[in-house]
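Observations on chain architecture
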Amino acid sequence: MNGYSIEDSHRIQQRAAQYRQHYPRFAHWAKGRGVIEHADVTQVRVFDLCQELVCAGRYNSLDDALTIFEATDTLTNAAMWLVAHMTYASRVDLSGQPLAADDFKENPQGHNGGSLNMVPAYLGYTAANTLAGLTRSWLMGQGHCVAAIESINTLLGNLHPEQQARYTLDDAGLTRLVRDFYSYAINPDGTPGVPLGSHVNPHTAGGLIEGGYLGFAELQYTHMPLPGERLVAFLSDGAFEEQRGSDWASRWWRAEDCGLVTPVMIANGRRIDQRSTIFLQGGTDWFRQHLELNGFHPIVIDGRDPAAFIWGIFEAESRLQACSNQVSAGTMEYPVRLPYLIAETVKGYGFYGAGSNAAHGTPLPAVPKFDDVSRTYFNDSVARLFVPETEVSRAKDVLATHKTDHRPAEKDHLLSSREVLLHTVPEPLWSQIGEQNSPMAAIDQLFVAVVKANPALRVRLGNPDELRSNQMNQTLDLLKHRTLTPETGLAESLHGSVITALNEEAVVNAALGNKGGLNLVVSYEAFAMKMVGALRQEIIFARYQKSVGRPARWLSVPIIATSHLWENGKNEQSHQDPAFGDVLMGEMSDIARVVYPPDSNSALACLNACYQTQGQVWAMTIPKGRLPAALESRQAEKLVMDGAIALSEGNDVQLIAVGAYQRQVCEAVAEDLDEQGISCGVVCLLEPGRFRDPRDGVEAEHQASGQNRAALFPSDVKLRVFVCHMRPESLLGVCRPLDLGRDRTLAFGYTNHGGTLDTAGLLLANGSDPQSVRQAIVSRLGKLDSA
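Residues numbered from 1 in each chain as written. Predicted model: local features only at pLDDT ≥ 70, side-chain atom pairs only at ≥ 80, totals over all residues. Heavy atoms only, no water.

**Details of the sheet that holds strand 1 (residues 137-140)**
As summarised here, the arrangement of the five strands in space is 1-2-3-5-4, forming an open sheet in which the pairing is parallel. Two strands lie at the open edges of the sheet, namely strand 1 and strand 4 (296-302), each paired on one side alone. Sheet twist, expressed as the mean angle between neighbouring strand axes with direction ignored, is 20°. Two elements, strand 1 and strand 2 (residues 230-236), share four bridges in a ladder whose sense is parallel. Bridging across to strand 2, serine 137 finds its partner in leucine 231. (Pairing = 2+ DSSP bridges. Helix = DSSP H or I, 4+ residues; strand = E, 2+ residues; numbered from the N terminus. Axes fitted to C-alpha atoms, helices over the stretch in contact; angles between N-to-C directions.)

So this is what it looks like as structure tokens:
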């Protein structure tokens with residue numbers, strides 16, 4: 001399993017036997033407990049680790065350290081027992097008696113196999129914290145394995161208040177836990193009825209991401225811990241084939257701005273109904289070679305044994321720290337080969353059906369409530385896992401060294417409690433009205449000022465393509481592309497803060513992972529769509545955190561979509577797509593701030609406002625072409641505050657511009673109609689989500705006030721005309737309260753027409769040019785006047 005030669009294996013067996021013979025306490029632990037067995041190689045590794053801890057003065061003797069390992073075995077069995085009950089049972093019996101038919105769920109649910117495999121991993125992480133006297137952070141990419149986390153947190157009392165009160169460590173509390181799991185309970189107001197979900201959520205103590213989108217944890221973990229921090233990232237072999245880009249971790253890791261990271265692959269061999277790519281290609285040996293070719297140092301451990309995880313975490317960190325020290329001393333160069341634990345196991349180890357396709361979900365052949373054979377299989381399996389309540393309590397106390405070691409509980413690890421603010425907010429360099437400039441160049445100048453004014457904040461700029469093309473020249477010259485082989489004369493550096501890869505998901509996750517710092521992502525609008533899955537996961541999680549009273553405190557992240565639809569005529573219709581903003585406007589508007597700045601000053605005001613908020617994602621669609629400034633600084637700031645601003649007023653027609661080029665269209669139309677004696681007003685609508693029908697009370701608090709809405713959008717105007725950046729149907733759906741009805745409302749925008757065209761040609765092709773809009777308005781007014 002571990003790549004040892006026959007001679008090495010014989011020596012390992014010999015050493016393990018010697019240790020067992022001379023150390024009775026070690027021999028007692030080495031026997032294992034329940035379904036936990038300790039292979040000879042794990043015994044030798046644990047013995048060596050314990051000796052290191054004694055030499056370091058952490059423990060007085062081998063026996064003292066072994067107490068932690070014994071408690072971990074006890075709790076691992078107990079947690080696996082509880083996981084199986086969460087999947088199948090509607091009641092627990094802490095006396096260990098077999099369950100009867102009425103004690104089972106009618107519709108058992110849960111990812112039983114993966115959750116069972118996560119139990120020794122997460123308990124190994126917890127025990128490693130106890131042994132070291134420090135609390136590492138943790139991350140789990142396979143969020144559907146949440147039953148493992150919840151069961152262990154419950155047994156250890158590592159819970160947020162709402163779970164602590166509900167899931168007490170007794171028959172009643174654990175019965176509530178198993179009944180709540182997949183109960184589909186709902187409150188009268190439509191919110192979830194229990195503080196427990198099918199994936200990691202903000203009720204899950206210490207949880208960082210839902211993990212519903214497999215593969216994104218792999219892209220984030222390198223960028224998460226700050227120097228001095230430590231992170232253990234549990235990853236899935238299924239995610240290995242789901243998401244490319246995780247192979248680049250060593251390409252980004254630098255000791256100067258990254259903490260210690262320990263990726264752990266739970267290699268259980270199966271996707272939902274098929275073997276994973278790793279095992280189809282040749283299993284652990286193939287994967288080890290793959291990792292070596294991609295800058296990792298693979299370390300194979302026994303994924304069935306929590307002690308193997310404990311040793312692996314210590315070993316990985318020691319290796320990475322040693323390499324870091326060598327780099328600092330100038331005796332080693334980047335890239336550092338990142339230690340990577342491969343935890344070999346069997347899907348659903350420790351329970352009936354382990355290793356089968358069915359082990360992924362519900363492995364019993366039928367529902368035990370209605371099937372005697374399945375009920376027998378269940379009771380026999382959990383009997384091997386059962387641990388008396390008194391022993392669980394003692395083991396819990398052994399791991400609870402937080403007060404003694406003056407360290408936070410695992411639920412309060414550093415990454416879960418980020419609190420980031422700008423220390424200095426620089427004043428933007430505002431343009432004069434009418435001054436021609438690029439809004440993206442203005443963003444470039446302000447971002448550089450923000451970075452320089454806040455040197456303590458680690459920066460991550462996600463760049464999937466061309467920063468210079470997108471007018472971010474000063475930023476690139478300051479921060480530089482992070483690369484292993486910088487080329488002289490180019491904006492490249494070994495320690496650059498610009499994460500560049502032709503993979504939108506990889507670069508946006510670099511920013512999303514950097515919740516302890518300052519972030520920006522810049523992308524072509526059409527290709528920003530590839531980021532939506534990662535962004536949606538963050539938006540949903542942050543919204544859920546807010547709803548449970550623990551709002552995210554990381555600095556809000558701006559995602560700028562530029563080289564956008566109306567500027568990309570030369571690149572054919574694949575580059576002409578406003579869906580990025582369309583889709584994110586469907587998310588809750590208080591977290592997903594979707595804005596369309598009409599000029600450079602409003603773009604500056606948006607970026608400035610974004611960095612003064614926390615726990616939000618700002619999707620900004622900003623032109624890079626040179627345009628005249630339309631708003632003075634105070635107007636720009638008021639636009640961001642109110643979500644819209646009136647540039648002029650008129651009684652006949654109200655033109656509502658969503659976007660910079662659309663503002664120019666509206667101004668041209670208004671000028672022409674005014675000459676015809678038609679009174680026109682122009683409103684810049686920056687943030688459409690502020691004017692929607694709120695979908696809950698939290699979103700309602702984010703909406704524009706009724707007074708502002710009435711002042712900006714009076715209902716007595718004869719005709720309201722939207723000229724928008726996106727598809728008009730999308731905007732009308734969001735801004736339904738502003739719709740005056742089919743006869744008195746017109747909407748223009750992208751109608752899915754394009755090609756090799758310039759901006760004027762694209763506007764014409766989509767019927768959004770000044771002449772087309774003007775003609776439609778005159779025609780509609782004529783019909784209204786004759787009605």
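What follows continues from the structure just given.
**Concerning the state of the cysteines**
Inspection of every chain in the model, using the stated rule, returns zero disulfides. No disulfide involves cysteine 50; its sulfur sits 11 Å from the nearest other cysteine sulfur, which is in cysteine 55. When its relative accessible area of 0% is taken as the criterion, cysteine 50 is described as buried. Not engaged in a disulfide, the cysteine cysteine 323 finds its nearest cysteine sulfur in cysteine 258; these two sulfurs lie 14 Å apart. (Disulfide = S-S within 2.5 Å. Buried < 20%, exposed > 50% of the residue type's maximum accessible area, 1.4 Å probe, protein only.)

**A short note on the nonpolar core**
Generally speaking, soluble globular proteins have nonpolar side chains that are buried together. Grouped together as the largest cluster of nonpolar side chains are 92 residues, with contacts concentrated most on Phe69, Met118, Phe234 and Phe378. Ranked by residues supplied to this core, first place goes to helix 4 (residues 62-88) with 16 residues. Not counting the four nearest positions on each side in its chain, phenylalanine 69 is found in contact with Trp29, Val46, Leu49, Cys50, Leu131, Ala307 and Ile310. (Core = buried A, V, L, I, M, F, W, Y, C linked by side-chain atoms within 4.5 Å. Contact = heavy atoms within 4.5 Å.)

**Observations regarding the side chain of threonine 483**
Tracing the backbone shows threonine 483 in the loop between strand 8 (481-482) and strand 9 (492-493). Under the relative-accessibility criterion, threonine 483 is labelled buried at 19%. In this structure the side chain of threonine 483 is engaged in a polar contact, spanning 3.4 Å, whose partner is the backbone nitrogen of threonine 485. The contacts of threonine 483, once residues within four sequence positions are left out, are Arg254, Glu492, Ser493 and Leu494. (Polar contact = N/O pair within 3.5 Å; in protein donor to acceptor, adjacent residues only side chain to side chain.)

**Details of the packing of aromatic side chains**
Evaluation of the coordinates by the stated rule reveals 24 aromatic pairs. Measuring from centroid to centroid gives 5.0 Å for phenylalanine 104 and phenylalanine 378, while their planes differ by 85°, and the two rings are edge-to-face. Linking phenylalanine 104 in the loop between helix 4 and helix 5 (112-132) with phenylalanine 378 in helix 15 (residues 372-385), this pair joins segments that are 274 residues apart in sequence. When the ring of phenylalanine 447 is compared with that of tyrosine 611, the centres are 6.4 Å apart and the planes differ by 35°; the resulting orientation is tilted. Of this pair, phenylalanine 447 sits in helix 18 (residues 439-453) while tyrosine 611 sits in the loop between helix 24 (600-610) and strand 14 (617-621), and the two are 164 residues apart along the sequence. (Phe/Tyr/Trp six-rings, centres within 6.5 Å; stacked < 30°, edge-to-face > 60°.)

**Quick notes on the environment of glutamate 106**
Residue position: glutamate 106 is located in the loop between helix 4 and helix 5. With residues up to four places along the chain from it excluded, the contact list for glutamate 106 reads Val367, Lys369 and Phe370.

**Here's the deal with the packing of helix 4 against helix 14 (residues 306-329)**
Helix-helix packing is described using two parameters, namely the angle between the two axes and the distance between the axes. Here helix 4 crosses helix 14 at 130°, and the two axes come no closer than 9 Å. As far as their axial angle goes, helix 14 and helix 4 are oblique. Between helix 4 and helix 14, the contacting residues are Phe69, Thr72, Asp73 and Thr76 on the first element and Pro306, Ala307 and Ile310 on the second. Split into classes, the residues belonging to the contact of helix 4 with helix 14 amount to four nonpolar, two polar and one charged. (Parallel < 35°, antiparallel > 145°, perpendicular 65-115°, else oblique. Nonpolar A, V, L, I, M, F, W, Y, C, P; charged D, E, K, R; others polar.)

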